[in-house]
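Structural overview
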Amino acid sequence: QARLQAGQGYGSTFNCIFTIYRNENIAGFFKGLSFPLASIAIYNSVVFGIFSHAHRFISQYRNTSQRHPPDLIDLTFASMLAGCVSVGIGGPVDLVKIKLQMQTQSATSDVVSLTHSTTLRHYQTTYKGPIHCVNCILRKEGLLGMYRGSGAMILRDIPGYCLYFIPYIYLSEWLKLECHTTPSALSVWLAGGIAGAISWGTATPMDVVKSRLQADSLYNRKYRGVKDCITQSYCNEGIQVFFKGITVNAIRGFPMSAAMFLTYELSLRAMKTSKESN
């Protein structure tokens, strides 16, 4: 997804897959995943926790806690807050992932900033791993460097989480069987998957901008900010540039979100049962 959005010369999704496999074998599809995998449990627990606690607080404050299904305004504010918090945790993780994934991209435009004795291969393996990548960014750009692209990420995640939690809540209620007081596991899985596909699909335009800002080279910055990235991308590649990777995002969003919501709901029910038994 990052290669399609911020890379060059890949064209279609299938051509991107073929090119990565040809040049980097299977390992190329797993570059930059160690850091997200190590932090995904913390990230999701915080985001889901913020959403549920914020929703409970807002609905109690507005006296809408008894409504069924939940009030749309309550859900919107809780989702927006979760989106804001997600940037604080997810911004650095996304940045490191994209930096590691984009190392194999041609750096012709950046080589001019380096000495002639520095080979392209050496430049492309600047980061030896996620920890080394974090250390390099902090040393060269400081803490703010870890949040490059955060403006685009806020514009992606605030509406993105609204289109994530709200469709899930209403779809799970709609799919709930009449004989059940709570949605079944299948309803949760299906509602979560559909919500994930909707959210990731509609977030793609700003996801492209975020990826390009985060992949931008320290040695030769192309973009001065969100607005400049949007303008340059549109002028150079047309409106279609903002839909790069939409297929990958939507397809990836379904199983990932389905599993996430199912795990979340089953965990809540297990904790509730344990509390009642005690």
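Residues numbered from 1 in each chain as written. Predicted model: local features only at pLDDT ≥ 70, side-chain atom pairs only at ≥ 80, totals over all residues. Heavy atoms only, no water.

If you check an unreviewed UniProt entry, the chain appears there as Solute carrier family 25 member 48 from Eleutherodactylus coqui. Annotation of the chain in UniProt includes, under Subcellular location (unreviewed entry), the sentence "Mitochondrion inner membrane". Under Sequence similarities (unreviewed entry), UniProt gives the following word-for-word description of the chain: "Belongs to the mitochondrial carrier (TC 2.A.29) family." (UniProt positions renumbered as here; feature names shortened; annotations may be inferred.)

1. Looking at helix H12 (residues 246-277)
For H12, with 32 residues, the first-to-last C-alpha span of 46 Å sits near the 46 Å given by 1.5 Å per residue. Among the residues of H12, those classed as buried are Asn249, Gly253, Ser257, Ala258, Met260, Phe261 and Glu265. (Helix = DSSP H or I, 4+ residues; strand = E, 2+ residues; numbered from the N terminus. Expected span 1.5 Å × (residues − 1). Buried < 20%, exposed > 50% of the residue type's maximum accessible area, 1.4 Å probe, protein only.)

2. Points about the packing of aromatic side chains
Tallying each qualifying case throughout the model produces 13 aromatic pairs. When the centroid spacing of 6.4 Å and the interplanar angle of 15° are considered together, the rings of Phe57 and Tyr61 count as stacked. Of this pair, Phe57 and Tyr61 both sit in helix H3 (residues 34-61), four residues apart, roughly one helical turn. Where Tyr164 meets Phe261, the ring centres are 4.9 Å apart and the plane angle is 40°; that geometry is what we call tilted. In this pair, Tyr164 sits in helix H8 (residues 150-175) while Phe261 sits in helix H12, placing the two residues 97 residues apart along the sequence. Taken together, the ring pairs in this structure connect Phe48, Phe51, Tyr161, Tyr164, Phe165, Tyr168, Phe261 and Tyr264 into an aromatic cluster. The ring of Trp200 has Arg252 lying over it, and the distance from NZ or CZ to the ring centre is 4.4 Å. (Phe/Tyr/Trp six-rings, centres within 6.5 Å; stacked < 30°, edge-to-face > 60°. Lys NZ or Arg CZ within 6 Å of the ring centre and 35° of its normal.)

3. Examining the nonpolar core
The biggest cluster of nonpolar side chains holds 22 residues, and the ones touching the most others in it are Tyr164, Phe165, Tyr168 and Phe261. At the level of elements, H3, helix H4 (72-101), H8, helix H9 (185-202) and H12 are the ones that each hand at least two residues to this core. If one sorts the elements of this core by residue count, H8 sits on top with eight residues. Ignoring sequence-local partners within four residues, the contact set of Tyr168 consists of Val188, Ala191, Gly192, Ala195, Phe261 and Glu265. (Core = buried A, V, L, I, M, F, W, Y, C linked by side-chain atoms within 4.5 Å. Contact = heavy atoms within 4.5 Å.)

4. Structural notes on unusual backbone geometry
A positive phi angle, close to 60°, is found at Asn63, a residue other than glycine. Here Asn63 lies in the loop between H3 and H4.

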